[in-house]
Every structure is written in C-alpha cells, then in structure tokens.
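The chain contents come next:
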Amino acid sequence: MTDASVLSVQEYITKREAFINEERSLRREHARLAVLSDAEAQADRVVRKIRAEEARTIWSEENEAAENIFPGMEFLTSRDIIVKTRLFNILTKMPKGALLHAHLDAMVNTRTLLRLALEQPHMHIRVPNALSASSIKTMLPEFEVRPKEEWSTLSTLAGAFYTPGEWVPMQKARESFPEELGGPQGFDAWVIGCLTINPAEAYGTHKTTDKIWEKFANTFRVSIGLIRYQPIWSQYIREFFRTSVEDGISYIEARINFGPKTMFNAEGHNVVPAREWVLMFAEAIQVVKQEMKDSGRDGAFLGARIIYTTIRMYTPDEVEWYTEECLALKQEFPDIIAGELLYSSLGFDLVGHEDSLYPLTYYMPQLLRFKERQKELGIDVPYIFHAGETLGDGTPAENNLYDAILLGTKRIGHGFSLAKHPKLLQICKERGIAIEMCPISNEILRLTSSMPMHPLPIIVNHGIPVALCSDDPAVFGNMGLSFDYFQVLVSSELTGLTMLGQIARDSLEYSTLNPEAKAEALSAWEQSWQKFCKEVATLGA
Ligand SMILES: O=c1[nH]cnc2c1ncn2[C@@H]1O[C@H](CO)[C@@H](O)[C@H]1O
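Calculation rules
- Residues numbered from 1 in each chain as written.
- Predicted model: local features only at pLDDT ≥ 70, side-chain atom pairs only at ≥ 80, totals over all residues.
- Heavy atoms only, no water.
- Helix = DSSP H or I, 4+ residues; strand = E, 2+ residues; numbered from the N terminus.
- Rg over C-alpha atoms; globule rule 2.2 N^0.38 Å.
- Buried < 20%, exposed > 50% of the residue type's maximum accessible area, 1.4 Å probe, protein only.
- Contact = heavy atoms within 4.5 Å.
- Areas by Shrake-Rupley, 256 points an atom, 1.4 Å probe, with all protein chains shown as cover.
- Lys, Arg positive; Asp, Glu negative; His and termini not counted.
- Charge placed at Lys NZ, Arg CZ, Asp CG, Glu CD.
- Pairing = 2+ DSSP bridges.
- Axes fitted to C-alpha atoms, helices over the stretch in contact; angles between N-to-C directions.
- Phe/Tyr/Trp six-rings, centres within 6.5 Å; stacked < 30°, edge-to-face > 60°.
- Salt bridge = Lys/Arg side-chain N within 4 Å of Asp/Glu carboxyl O.
- pLDDT = per-residue confidence, 0-100.
- Domains from an automatic or database assignment.
- Buried area = accessible area lost by both parts, 1.4 Å probe.
- Expected span 1.5 Å × (residues − 1).
- Near = heavy atom within 4 Å.
- Polar contact = N/O pair within 3.5 Å; in protein donor to acceptor, adjacent residues only side chain to side chain.
- Arc of directions from axis to C-beta.
- Core = buried A, V, L, I, M, F, W, Y, C linked by side-chain atoms within 4.5 Å.

1. Here's the deal with the overall build of the protein chain
Phase 1 of the analysis: Secondary structure assignment for the protein chain yields 22 helices and 15 strands.
Phase 2 of the analysis: Against the compact-globule benchmark of 24 Å for 541 residues, the protein chain has a radius of gyration of 24 Å, which places it among compact chains.
Phase 3 of the analysis: Counting the 541 residues in the protein chain, one finds 56% classified as buried.
Phase 4 of the analysis: The long-range fraction of contacts in the protein chain, counting pairs at least 24 apart against all pairs at least 6 apart in sequence, stands at 73%.
Phase 5 of the analysis: Accessible surface, the protein chain: about 22700 Å² in total, of which carbon and sulfur atoms supply 54%.
Phase 6 of the analysis: Averaging the locations of the 55 positively and 72 negatively charged side chains of the protein chain gives two centres separated by 3 Å.

2. Digging into the pairing of strand β7 (residues 270-273)
Both faces of the sheet carry side chains from a regular strand, because those side chains alternate between them.
Phase 1 of the analysis: Strand direction decides the pairing type here: strand β6 (residues 262-264) and β7, joined by 3 bridges, are antiparallel. In the sheet register, M263 faces β7, and the bridge partner there is V272.
Phase 2 of the analysis: Here β6 folds back onto β7, and the loop between the two strands holds 5 residues, one of which, G268, carries a positive phi near 100°.

3. Remarks on the sheet that holds strand β12 (residues 385-387)
Phase 1 of the analysis: Pairing within the open sheet is parallel, and its 4 strands lie in the order β12-β13-β14-β15. The sheet terminates laterally at β12 and β15 (466-468), the two strands that pair on one side only. Averaged over all adjacent pairs, the angle separating strand axes in this sheet is 30°, with direction ignored.
Phase 2 of the analysis: The pairing of strand β14 (residues 434-437) with β15 spans 3 bridges and is parallel. Across the sheet, the residue bridging to I435 is V466, located in β15.

4. So, the pairing of strand β3 (residues 142-145)
Phase 1 of the analysis: Judged by which residues are buried, β3 turns out to be one-sided: F143 and V145 face inward and are buried, whereas E142 and E144, on the alternate face, are not.
Phase 2 of the analysis: By the bridge criterion, 4 bridges tie strand β2 (residues 123-126) to β3 in an arrangement that is antiparallel. Note on β3: the bridge partner recorded for M123 is V145.

5. Examining the packing of aromatic side chains
Phase 1 of the analysis: Across all of its chains, the model carries 28 aromatic pairs by this definition.
Phase 2 of the analysis: Ring centres of F258 and Y308 lie 4.3 Å apart, and the angle between their planes is 5°; on these two criteria the pair is classed as stacked. Here Y308 lies in strand β8 (residues 303-311) and F258 lies in the loop between β5 (249-257) and β6, a separation of 50 residues in the sequence.
Phase 3 of the analysis: Classification of F258 by relative accessible area gives buried; the value is 1%.

6. Things to note about the pattern of salt bridges
Phase 1 of the analysis: Evaluated as defined, the whole model comprises 28 salt bridges.
Phase 2 of the analysis: Ionic pairing is found between K215 and E201, a salt bridge with its closest N-O pair at 3.1 Å. Within this pair, whereas K215 is found in helix α10 (residues 209-227), its partner E201 is found in helix α9 (residues 199-205), the two being separated by 14 residues in sequence.
Phase 3 of the analysis: On the basis of relative accessible area, E201 is assigned to the buried category, the value being 13%.

7. Here we look at the sheet that holds strand β4 (residues 168-169)
Phase 1 of the analysis: Reading across from one edge, β3-β2-β4 is the order of the 3 strands in this open sheet, with antiparallel pairing throughout. The open sheet has two free edges, formed respectively by β3 and β4, since each of these has just one partner strand.

8. Details of the confidence of the model for the protein chain
Phase 1 of the analysis: Overall, the predicted model of the protein chain reaches an average pLDDT of 95, with 96% of residues at or above 70.
Phase 2 of the analysis: This complex was scored by the predictor with a pTM of 0.97 and an ipTM of 0.97.

9. A word on the side chain of T323
Phase 1 of the analysis: Inspection of the secondary structure puts T323 in helix α13 (residues 316-332).
Phase 2 of the analysis: When its relative accessible area of 3% is taken as the criterion, T323 is described as buried.
Phase 3 of the analysis: Ignoring anything within four residues of it in the chain, the contact list for T323 reads F348 and F370.

10. Topic: the domain arrangement of the protein chain
Phase 1 of the analysis: Splitting the protein chain by domain gives domain 1 (89-109 + 222-532) and domain 2 (121-195).
Phase 2 of the analysis: Just the C-alpha atoms count here: the centres of domain 1 and domain 2 sit 34 Å apart.
Phase 3 of the analysis: Contacts between the two partners involve 13 residues from domain 1, matched on the other side by 14 residues from domain 2.
Phase 4 of the analysis: Of the roughly 1000 Å² buried between domain 1 and domain 2 on both sides combined, carbon and sulfur atoms contribute 73%.

11. Details of α13
Phase 1 of the analysis: Compared with an ideal rise of 1.5 Å per residue, which puts 17 residues at 24 Å, α13 spans 24 Å between its outermost C-alpha atoms and is within 8% of the ideal.
Phase 2 of the analysis: Listing the buried residues of α13 in full gives P316, V319, Y322, T323, E325, C326, L327, L329 and K330.

12. Here's the deal with the site of the ligand
Phase 1 of the analysis: As a matter of local geometry, the ligand sits amid 14 residues, with D105, G352, E389, D471 and D472 nearest to it.
Phase 2 of the analysis: Taking H414, its side chain carries an N or O atom lying 3.1 Å from an oxygen atom of the ligand.
Phase 3 of the analysis: In this structure, an oxygen atom belonging to the ligand sits 2.7 Å away from a side-chain N or O atom of D471.
Phase 4 of the analysis: Considering the ligand on its own, with 410 Å² of exposed area, one finds that the protein chains cover 95% of that surface.
Phase 5 of the analysis: The element best represented in the shell around the ligand is α10, accounting for 3 residues.

13. So, helix α16 (residues 422-431)
Phase 1 of the analysis: Taken together, the buried positions of α16 are L424, L425, I427 and C428. Looking straight down α16, one finds its buried side chains confined to an arc of 160°; they lie on one side. In α16, the exposed positions that point more than 90 degrees away from the buried face belong to P422, K423 and E430.
Phase 2 of the analysis: Against α15 (400-406), β13 (411-414), β14 and α18 (456-461) lie the buried residues of α16.
Phase 3 of the analysis: Positive backbone phi, approximately 65°, marks G432, located one or two places after α16.

14. Regarding the nonpolar core
Phase 1 of the analysis: Counting residues in hydrophobic clusters, the biggest one holds 159 residues, and the most contacted among them are L131, W190, I197, F240 and F241.
Phase 2 of the analysis: Counting the residues that make up this core, at least three belong to each of domain 1 (89-109 + 222-532) and domain 2 (121-195).
Phase 3 of the analysis: With residues up to four places along the chain from it excluded, the contact list for I197 reads L76, A202, I212, K215, F216, I444, L445, V475 and F476.

Listed below in structure tokens is the structure:
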C-alpha cells in the first residue's frame, strides 16, 4: 500500500474510493449495477430513503412502543411493528422468485391448520394427564385421526372424567374446554402455543440453541397428527401454494419428511404410502395453477417440486431404505406430467438438529452407495444438504459442510457456519453452490441474537449466490418471504433493492429447474421485477 502521508487530500479520497469499490466489486449484485434500468436505480434510492426515515422514526429509542428497539432486532418481538412499516408493505409486492428451503410440515399458518382440523370429525386428541390450570402450561397434545368404529364417546380432556392417554374427538374437546382454561378460545390458544415459538420462549426460557430446539422439535410432534391426514394434507398443500403466490413466490422446492412412511387415509387408517403423497402434491400444483389461470394470473405459479428428506436420527440401514424409496419415486414419476412441470424427487437431504443428531459421516457408505445406484439406474437425484446450521467450530455437525461439498451438494441448506471456512467459501463461489439462508429461522433458533450479527452479508460480499428462505414459517410466524427480505434489508447499509433483486434472481438461477423452464421463469420474473421497480420508483417522485 502507498504511503498515505505523501498524498494530497484529493488524491487520498480518489484512492479510497477506488479501494472500496475494488472490494465491493466482489459482491454478488455487482455486475447488475452497471446495467440497472432507470426504474431499478430510482426504486433502489426510494427504498433506501424510506429505510433511513423509518430507522429514525420507527426503529429508534424515541419510539416508546418498544424497548431496545433497532432495525433487524429480534423478529418475534418486532413482527407487529414490521407489518406496519412502509418498507414491509413494499416488500410484500416484490416478485420473490423461488422458495428453495421450506419444510412442508411448517408452511401453513397455524390458525388455518387448526380450522382445517376442526372440520374433520375423525380428528382426535389426547394428553398424558388430565388438563388443569397448572398442567396446561407444559402439556403437549397429540393428534390422530381414528376410524369411525373407534370414535370415542369421551368429551373432555380435563378433570376427573378424563382417563390419561384416552382419545377424545377434537371438536368435542374444544367445545367442552373448561371455562377456567379459557373455553374454546383457550383450547385454540393452547394448541397454537404448542405449534409455534413465542418471544418468551425464544428470548427467555429457551434462550440457547439446544433448549429452543427442544421446543422446536415438539411443535413437529404436535403438528404431524394434524397434517398427515389425506383430506387435510391436500388442502394444506394448496393453501401453502396459494399463500406463497400471494407473497410473490412463483416456484417452490419443498422438503417433505418421508420419515413416517405412511399417512392416514380419509377413513382414518394409517396406510397411505409415499407415492400417493406425491400424487396429491402434483394434484395440488395443477389445482392452484388452474386457479391462477382462471383469475387472469396465468404464470403467477410455475409449479413446485419435492426434495425427499428423512431425519438424521435413523440407523444407516434405515437411511438406505429411504434412499431406495427416493429412487423408486424418481423412477415412477417424471419431472413433467401432462405438459406441466409437476414433480420429481429431485433432491435428497437429511434433516433434524445437526448438533444433537448424526453427522453425514455416520451414513457415508449409504450416501456413496446412493450415488452409485443412480449411475446404475441412469437417473440423477442431487444432494441438497442441510449443513453448518450450528454455532460449533470444528464440531462433527460443523464438519458436515466438508462432507456436503465432497458429496457434491447442489446447494447448502443454511450454511450458517460457512463464513468460518475460507476454502469452502472459495469452492462455493467457483462451483456456484448457492446457500439457502434462513435468517429469521437462525435468529429464533438462537444461532444469532439479531439480524445485524447474521452472516448473510459475509456470503454475498464473497459473491456467493444466496437464496433467501423461510424454513418453517408456521412455527416462526415469518409467512411467505417478505419478512426475511425485510430483516435482511434493514440490517445492512450496503444492501438495497438491487441486492434483493439479485437474491430473487439467484433463487431461480440455482433452482433445479431444467434450462428451458429456468430461462422462462427468469424472463417472467424479470418482467414482474421491472414492473415492480417502476411502481416503487413512483413512491419517491
Ligand atoms: O432448520 C431446520 N434444520 C434441520 N431440520 C429442520 C429444520 N426445520 C425443520 N426441520 C426438520 O424437518 C422436519 C419436519 O418435517 C422436522 O423433523 C424438523 O426437525
């Protein structure tokens, strides 16, 4: 570096600017800056102006509505403020491209799920002990549909009339919910509390990653009985697609947990195999696409695909069974059915708490064999692994990043700890391994205390593609993608609308769409994007 003391102030300023620009040119959106349309450039300025205003007015200590308030603060305590901001309102209209990291079991608002379940007379509920004002705080309900011949005549979960562990019809349990527990509304609040994470848990009672994961895992134990019932599941997927489209998402790659092997049929028997889930998924795509067409929004929804997942808690032999089922599904169902992009078991992943469950190395022979089997069969099911969703530094869970990359992962789910790895960052950049980042999920699961400490800027500053994702919005309350985009936008001075546009573009670019479908999706997105930018630009006129 030149000796600064021999420079004039003007020379120094010029040098400084060039120095900063040289580094900024590594950023992911850099190439776009040279080709921005007028509308894009103006929209970016407008958004920055509104962000600065709201930082002064809303996200400031002067706002007495909240304590310790700042942009990018804890999501669960700021959500009610976020939804009232102009910036959020703008982002809800932004075309988001693809949603690439979404666990299907947590994609529909819990109130909607509760409503769907209460319409089903087969749905039953039980608790390990009779409910009381004190036990309700820690009591987890279990749901299951029962065949008609096994419908229970019990009507309450509380008091001396309840035999612990007995099933009660859900509708009756709700109607008879005791006054002292809040009546039917108390029932709803209790169930929803068991399906979601609240601020007191995330930021008080369960403040560490391990503790909050206990609560998080419980939400899935409760929701599974509500969701894995054919009549609910088919409505649930449609609802997921519809609400995603409303938030500007045009294409989805959903992770489905095939761990349970079967789900319940309409009559209440647990016999529906995975291949039928796939058919229902495909049907939901068709239905929602048709709805879009009928309402003059043809093309708003391009389709969805499945990433086959199972949980990293099974034995290696069991995981091999799942890889075989994944291959069988891939062979049975083509990517395109009746001219529509519908389904393919396009990727494989292992999910669950990385820190406490098995690392990828535990399944090494099976994971290598899976690749070999694909060669034998002449099919391709890429790995799209969760890796590095941890605070560990060199722990077995953290080392999953090495294995994910060595096994050829197409993208990395989370990659929270990737920022610690100079070599891996370089490889991700060179090979175009996109990172599915889930900032709100990471904050609620206590990997970061707030958004300004999240590593997303490190990844985009290296020029690595990022797809922004919601992970489990039913549990976290970050429905759609607008909340995650919001948190990213307000936590960085550098990131503006241009970067958000790049992230949305990359979500399609690094999807598993085939080249033709991808080109179409990108061109449709580009059109919506320019239209959106024109609208935003007028807000600052
Ligand atoms: O962020 C995550 N990391 C790892 N696993 C997850 C995450 N979110 C959800 N699941 C896992 O997906 C299954 C739902 O079908 C659950 O088992 C849950 O643990």
